[in-house]
Amino acid sequence: MDNYDVRDLALAEEGRLRIEWAGREMPVNGLIKERFAREKPLEGVRISACLHITTETANLALTLREGGADVVLCASNPLSTQDDVAAALVEYGIPVNAIKGEDDGTYYRHITTAIEHRPQITMDDGADLVSTIHKKYADLSHEVVGGTEETTTGVIRLRNMAGSGNLNYPVIAVNDARTKHFFDNRYGTGQSTIDGVTRATNILWAGRTVVVCGYGFCGKGIASRAQGMGAHVIVTEVDPILALEAVMDGYRVMPLLEACDEGQVFITVTGDKSVLDRAHFMRMRDGAIVANSGHFNVEINIPALEDLAKSKRKVRPFVEEYTIAGGVHIYLLGEGRLINLAAAEGHPASVMDMSFANQALCVERLVVAKGEMGRDVYPVPDDIDREVGKLKLTSMNLVIDSLTEEQEEYLGSWESGT
Ligand code: NAI
């Protein structure tokens, strides 16, 4: 096998141990893997997956391969790859093209290598694979049976493609499954973002003023975890209803510019661009830390910060110190890339268990439904979502009630009032 590009194959043993460790926390994935091994529902299906190369993704790739798929992987972010995991996957016989810290040219070259696999199924986290296929290899896009998309930003891009008639095959929005965004976006991003900022800076959260920009599922998770660590949390939003929710959840809400007067740590997680902009940097206090956990590194306007800076230096791994007018220091973490994956290990495996169970089952569904779905973005079928929830509960030894016949009838009726 020579169709791979990883940092160092000597890291494989370390990666294999970590993949096994994560696998222990992924029982739902394990059950699907066992069934896939028996039934081989993906026999001979070529899959190209553009995902964060982490221990959890490795477990997903092994499950797909167990189902008979011919899988290749590339990274969905230049800074999120775990080089030991990439090496281990190559040793498992799964080609990976991804190196942590790769430049943009290498990042897109690796995506191109994944496209040269001529996928029948694409798997994306951010839609870079789908958009590159459509932009540069449109002919190949007609061979693709379907795709899956892992994250909010990718789903937004795909809906824009479908809306303008530019999507050539069906894609299932895995992000929108309840067993995905209720847990992965909230608890996964919440915990791992705090972890990433902590590992990069070793700050004490207790007593610190933390500004969370965006109160979607990820923002709710980050705000609650920061508060749980003793931070004073300010939320900024552009959606009036979510701003209200933040207020009633107990946070202070104000315009970001005002929050700059007191914020000590700023975390963007909006899926939007230039949320932290020139005017904000100019108003920040000395020592402000800025980090992003949204998908792309455009939420913090780094060119504006560069332009304002009188000098800059790297003071720790993942920490860049910018000195702007008046001697104010601003600390940018992880080059503005998703900090939970840049400086920490991403989401805990237990939560990715559900996200990736959805991925595996949606890939299977796309293969079964070959040719029956139109060129659109589809929700995760409800039976898959519920099945993943049930299996996760079972794996936690939890049992819940079910509706009685009388209750089902009542809930399905309209006649009875009092
Ligand atoms: P969401 O759509 O639930 O929430 C985003 C929120 O940001 C919305 O409420 C929106 O009103 C708000 N917003 C937009 N522009 C804003 C602005 N200028 N100022 C303040 N608020 C603004 O999305 P979700 O699921 O929370 O995802 C957010 C981002 O995080 C996306 O880019 C997503 O792909 C990414 N993500 C990152 C993960 C990670 O591992 N770091 C995991 C999951 C998602």
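Examining the site of the ligand
For step 1, the next point in the chain: The full set close to the ligand counts 25 residues, and T151, T152, T153, E237 and S293 are the nearest of them.
For step 2, the next point in the chain: In the model, an oxygen atom of the ligand is placed 2.9 Å from a nitrogen or oxygen of the C218 main chain.
For step 3, the next point in the chain: Note that an oxygen atom of the ligand is positioned 3.0 Å from one of the backbone N or O atoms of H295.
For step 4, the next point in the chain: In isolation the ligand exposes 860 Å². Once the protein is present, 85% of that is buried.
For step 5, the next point in the chain: Taken together, the elements giving at least two residues each to the shell around the ligand come down to helix 8 (152-163), helix 9 (178-201) and helix 10 (217-228).
For step 6, the next point in the chain: Counting residues domain by domain, the shell around the ligand receives three or more from each of domain 1 (9-180 + 347-395) and domain 2 (186-342).

Structural notes on the pattern of salt bridges
For step 1, the next point in the chain: Tallied over the full model, the rule gives 22 salt bridges.
For step 2, the next point in the chain: Between R337 and E335 there is a salt bridge; the shortest N-O distance is 4.0 Å.
For step 3, the next point in the chain: When its relative accessible area of 14% is taken as the criterion, R337 is described as buried.
For step 4, the next point in the chain: For E335, a relative accessible area of 47% translates into the label partly exposed.
For step 5, the next point in the chain: In this structure, D383 engages R365 in a salt bridge whose closest nitrogen and oxygen atoms are separated by 2.7 Å. With a gap of 18 residues between them, D383 in helix 17 (residues 382-395) and R365 in helix 16 (residues 349-368) connect regions that are remote in the sequence.
For step 6, the next point in the chain: Residue classification places D383 among the partly exposed residues on the basis of a relative accessible area of 45%.
For step 7, the next point in the chain: Owing to a relative accessible area of 30%, R365 belongs among the partly exposed residues under this scheme.

Some thoughts on the domain arrangement of the protein
For step 1, the next point in the chain: Assigned domains of the protein: these are domain 1 (9-180 + 347-395) and domain 2 (186-342).
For step 2, the next point in the chain: At the junction of the two partners, domain 1 supplies 18 residues and domain 2 supplies 15 residues.
For step 3, the next point in the chain: Between domain 1 and domain 2 lies a buried interface of about 1300 Å² when both sides are counted; carbon and sulfur atoms form 63% of it.
For step 4, the next point in the chain: Taken as a group, L79, T153 and H347 account for 40% of the area that domain 1 buries against domain 2, more than any other trio of residues on that side.
For step 5, the next point in the chain: Applying the counting criterion to the domain 1 and domain 2 interface returns one salt bridge.
For step 6, the next point in the chain: With a closest N to O distance of 3.8 Å, R337 and D104 form a salt bridge.
For step 7, the next point in the chain: If you look at where domain 1 meets domain 2, you find five residue pairs in polar contact (both at pLDDT 80 or more).
For step 8, the next point in the chain: Classifying every residue of the side of domain 1 that touches domain 2 by side-chain character gives four nonpolar, nine polar and five charged.

Details of the packing of helix 1 (residues 12-24) against helix 4 (residues 83-91)
For step 1, the next point in the chain: As a packed pair, helix 1 and helix 4 sit with axes 7 Å apart at the nearest point and diverge in direction by 95°. By the angle between their axes, helix 1 is roughly perpendicular relative to helix 4. Residues A12, E14, G15, R16, R18 and I19 of helix 1 lie in contact with helix 4, whose contacting residues are D84, V85, A87, A88 and E91.
For step 2, the next point in the chain: Classifying every residue of the contact of helix 1 with helix 4 by side-chain character gives five nonpolar, one polar and five charged.

What about the sheet that holds strand 14 (residues 328-333)?
For step 1, the next point in the chain: One open sheet holds the eight strands; their spatial order is 9-8-7-10-11-14-13-12, and the pairing between them is mixed. Each end of this open sheet is capped by a strand with a single partner; those strands are strand 9 (252-253) and strand 12 (311-316).
For step 2, the next point in the chain: Bridge count for strand 7 (residues 209-213) against strand 10 (residues 265-268) is four bridges, and the pairing is parallel. Paired with C213 across the two strands is T268, which belongs to strand 10.

Comments concerning a nonpolar patch on the surface
For step 1, the next point in the chain: Together, L244, V247, M248 and V253 make up an exposed nonpolar region whose accessible area comes to about 380 Å².
For step 2, the next point in the chain: With three residues, helix 11 (residues 240-248) is the single largest residue contributor to the nonpolar patch.
For step 3, the next point in the chain: The residue V253 is located in strand 9 in this model.
For step 4, the next point in the chain: V253 gets classed as partly exposed once you look at its relative accessible area, which sits at 32%.

Some words on the nonpolar core
For step 1, the next point in the chain: In terms of nonpolar packing, the biggest core is built from 51 residues, with I47, I53, L64, L89 and V96 touching the most fellow members.
For step 2, the next point in the chain: With 11 residues, helix 16 is the largest single contributor of residues to this core.
For step 3, the next point in the chain: What L64 contacts, discounting residues up to four positions off in sequence, is L42, I47, A69, V71, M123, A360 and V363.
For step 4, the next point in the chain: Among the nonpolar cores identified, the runner-up in size contains 27 residues, and W205, A226, Y251 and I289 belong to it.

Here's the deal with the environment of I111
For step 1, the next point in the chain: Here I111 shows up in helix 5 (residues 104-115).
For step 2, the next point in the chain: Since its relative accessible area comes to 0%, I111 is described here as buried.
For step 3, the next point in the chain: Counting along the chain gives 21 residues from I111 to T132, while the straight-line C-alpha distance between them is 7.9 Å.
For step 4, the next point in the chain: Here I111 is in contact with C50, C74, D128, L129 and T132, once residues within four sequence places are set aside.

Each value, and the rule that gives it
- Here the residue numbering is sequential within each chain, running from 1 through the sequence in written order.
- Side-chain atom pairs in this predicted model are given and counted only at pLDDT of 80 or more, local residue features only at pLDDT of at least 70, and totals for whole chains, interfaces and linings cover all residues.
- Hydrogen atoms and water are omitted, and side-chain values are computed over all heavy atoms in the structure.
- We call a residue near a molecule or strand when any one of its heavy atoms sits within 4 Å of it.
- In the analysis that follows, any N or O atom pair within 3.5 Å is treated as a polar contact, provided that within protein one partner can donate a hydrogen and the other can accept it, and provided that, for residues neighboring in sequence, both atoms belong to side chains.
- The Shrake-Rupley method, run with a 1.4 Å probe sphere, supplies the accessible areas, and residue values consider only the shown protein chains as cover.
- Numbering goes from the N terminus for both helices and strands, where a helix is a DSSP run of H or I of at least four residues and a strand is a run of E of at least two.
- All the domain ranges listed were derived from an automatic or database domain assignment.
- Think of a salt bridge as a Lys or Arg side-chain nitrogen and an Asp or Glu carboxyl oxygen that are within 4 Å of each other.
- Here's how the labels work: a residue is buried when its accessible area is under 20% of the maximum for its type, exposed when over 50%, partly exposed in between, all with a 1.4 Å probe on protein chains only.
- Whether two residues are in contact is decided by their heavy atoms: any pair within 4.5 Å suffices.
- Summed over both partners, the accessible area lost on bringing two parts together, with a 1.4 Å probe, is the buried area.
- Throughout this entry, Asp, Glu, Lys and Arg are counted as charged residues, while Ala, Val, Leu, Ile, Met, Phe, Trp, Tyr, Cys and Pro are counted as nonpolar. The remaining residues, Gly among them, count as polar.
- What counts as an axis is a line fitted to C-alpha atoms, over the stretch in contact for a helix, and the angles between N-to-C directions run from 0 to 180 degrees.
- These descriptions rest on fixed angle ranges, namely under 35 degrees for roughly parallel, over 145 for roughly antiparallel, 65 to 115 for roughly perpendicular, and the rest for oblique.
- The rule for pairing is simple: two strands pair if DSSP sees at least two bridges between them.
- For patch building, the residue pool is restricted to those with more than 30% relative accessible area and no salt bridge; the joining distance is 9 Å between like charges and 5 Å between nonpolar side chains (Val, Leu, Ile, Met, Phe, Trp, Tyr).
- Working definition of a nonpolar core: buried Ala, Val, Leu, Ile, Met, Phe, Trp, Tyr and Cys residues. They are joined through side-chain atoms within 4.5 Å.

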